[in-house]
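Descriptive analysis of the structure
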Amino acid sequence: MEKTIAVLPGDGIGKEVTESALKVLQAIGRRYNHRYHVNTGLIGGDAIDQKGHPLPQDTIDLCENSDAILLGAVGGLKWDQNPSHLRPEKGLLAIRKHFDLFANLRPVKAIPGIISASPLKEDVVKSVDMMIVRELTGGLYFGEPKRKTDNGAVDTLVYSREEIERIVEKAFELARLRRGKVTSVDKANVLESSKLWREVVEQKKLKYPDVELDHLLVDAAAMKLITNPSMFDVVVTENLFGDILSDEASVITGSLGMLPSASIRADGFGLYEPVHGSAPDIAGKGLANPAAAILSVAMMLKYSFGMETEASSIEEAVFSVYEDGYCTSDMKQDGYRVLSTSEFTEKVIEELERESVSDHILSAYV
Ligand SMILES: NC(=O)C1=CN([C@@H]2O[C@H](COP(=O)(O)OP(=O)(O)OC[C@H]3O[C@@H](n4cnc5c(N)ncnc54)[C@H](O)[C@@H]3O)[C@@H](O)[C@H]2O)C=CC1
Ligand SMILES: CC(C)CC(=O)C(=O)O
Ligand SMILES: [Mg+2]
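Computed from a predicted structure; not experimentally measured.

Let's talk about empty space enclosed by the protein
- Counted according to the given criterion, the structure contains three cavities of 30 Å³ or more.
- By volume, the largest cavity is sized at about 50 Å³.
- Elements supplying a minimum of two residues to the lining of the largest cavity: β8 (181-186) and α7 (192-205).
- Ranked by the residues each element gives to the lining of the largest cavity, the list is headed by α7, at three residues.

Rendered as structure tokens:
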């Protein structure tokens, strides 16, 4: 099997964790005899500095000619005072819109082997396994008018029925493959866009009588994520709410550095990136947890290439490192040895290669 991957490291720790992700991807290639052709492109602050645009045309061309996109993160203090069109984040929003990557999947699971890294009580988090489905190409981040003057500013939260229908359909379909429950999160007691959201969800429900549905207002959902996170199977919500709730949900795992994401469209083409940002506060120090980027590779193999076995082997390898008593500094626990980004990555690769040997031995007998 051969695939071409566009790799966009971006800024800050995006570069560091993408390096880890690529090492694991090549280890998967060795283990399963796959060939991954990697082409690297510029996005975000680096692209502004080198090309004068947060998403240069040659990066778009590179991605158009690839089977999937792996992205690190964008942003940094250096560009925070830039005019809006020259902020790194615009590059990320632009690539999502360009490729119509409307469905952002953010899985949140308790991490076996280091449950205690969560600041929440073990009996609250131990069985958590949710999928946050965030609408990614509409809402407040893209609505017009969007402008600021000295005397005021405006952003516009707009959704069409079709934009809501397709993300809600995705959520119900995913719920059928999981535990059969959708929780729709909105602010229907105030926002007109949420009132339409809730109407569409109720209409879609009629097509999925086998799927359980409940609605939560976003403020109540934020509270439930802490008090009763295991109530959630699939959570579907709009762009801004999903952005905020997924960072909050990362607490359950013990670190934002654990959360991968898939941003996909109807034909399965996708962009895979950690939920976290460029973390300028720890960039360049070898402290970044690469797990989110590594698990994003697993999501790419699963959602864009249908390689469930290969995806599971990455997840098992990551979890094994924690079970063996290792972690990165963000998950620091008594009794665990703290590893640097590269040391943690090497441990994951060792686990993948160890499993490979055991597969080989097993295949000799079955
Ligand atoms: N997808 C993307 O490219 C995103 C970009 N950003 C950008 O990132 C920059 C920094 O934003 P922040 O609000 O600080 O968010 P952030 O997600 O970069 O960091 C938040 C906190 O989590 C920690 N953290 C994040 N990832 C980590 C990892 N892998 N291992 C260990 N610790 C980790 C950071 O050290 C920081 O204390 C900004 O320019 C922002 O616009 C923010 C979120 C997502
Ligand atoms: C530029 C931001 C919207 C990135 C972010 O926070 C996210 O996608 O989670
Ligand atoms: Mg975010």
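A look at the site of ligand 1
- The full set close to ligand 1 counts 21 residues, and Glu89, Gly277, Ala279, Asp281 and Asn289 are the nearest of them.
- Val74 is positioned with one of its backbone polar atoms (N or O) 2.9 Å from an oxygen atom of ligand 1.
- Compared with its free state, where it exposes 800 Å², ligand 1 has 70% of that area covered by protein.
- Because more than half of its atoms lie within 2 Å of the grid, ligand 1 is assigned to the largest pocket.
- For the shell around ligand 1, a count of residues per class yields 10 nonpolar, seven polar and four charged.

Quick look at the side chain of Thr341
- With respect to the helices and strands, the residue Thr341 is situated in helix α12 (residues 341-363).
- Judged by relative accessible area, Thr341 falls into the buried class, the value being 6%.
- For Thr341, the contacting residues outside a window of four places in its chain are Glu16, Ser20, Gly286, Leu287, Ala288 and Pro290.

Some words on the domain arrangement of the chain
- Looking at the chain, the domain boundaries give domain 1 (1-111 + 254-366) and domain 2 (119-252).
- The centre of domain 1, based on its C-alpha atoms, is set 24 Å off from the matching centre of domain 2.
- Taken together, the 23 residues of domain 1 in the interface contact 28 residues of domain 2.
- Where domain 1 abuts domain 2, roughly 2200 Å² becomes buried across the two surfaces, and 61% of that area is made up of carbon and sulfur atoms.
- When the buried area of domain 1 at its contact with domain 2 is split by residue, Phe102, Arg106 and Val108 rank highest and sum to 31% of it.
- The interface formed by domain 1 and domain 2 includes one salt bridge.
- Note that Arg166 is salt-bridged to Asp100, the shortest N-O span being 2.7 Å.
- On inspection of domain 1 and its partner domain 2, the count reaches 11 residue pairs in polar contact (both at pLDDT 80 or more).
- Counting only elements with at least two residues in the side of domain 1 that touches domain 2, the list comes to α4 (88-98), β4 (103-109) and β11 (260-264).

What counts, and where the lines are drawn
Residues numbered from 1 in each chain as written. Chains lettered and ligands numbered in written order. Predicted model: local features only at pLDDT ≥ 70, side-chain atom pairs only at ≥ 80, totals over all residues. Heavy atoms only, no water. 1 Å grid on protein atoms, 1.4 Å probe; cavity = no way out; pocket = protein on both sides within 12 Å on 5 of 7 lines; lining within 4 Å. Points joined across faces, edges and corners; volume = space filled by probe spheres on them. Helix = DSSP H or I, 4+ residues; strand = E, 2+ residues; numbered from the N terminus. Near = heavy atom within 4 Å. Polar contact = N/O pair within 3.5 Å; in protein donor to acceptor, adjacent residues only side chain to side chain. Areas by Shrake-Rupley, 256 points an atom, 1.4 Å probe, with all protein chains shown as cover. Sits in = over half its atoms within 2 Å of the grid points. Nonpolar A, V, L, I, M, F, W, Y, C, P; charged D, E, K, R; others polar. Buried < 20%, exposed > 50% of the residue type's maximum accessible area, 1.4 Å probe, protein only. Contact = heavy atoms within 4.5 Å. Domains from an automatic or database assignment. Buried area = accessible area lost by both parts, 1.4 Å probe. Salt bridge = Lys/Arg side-chain N within 4 Å of Asp/Glu carboxyl O.

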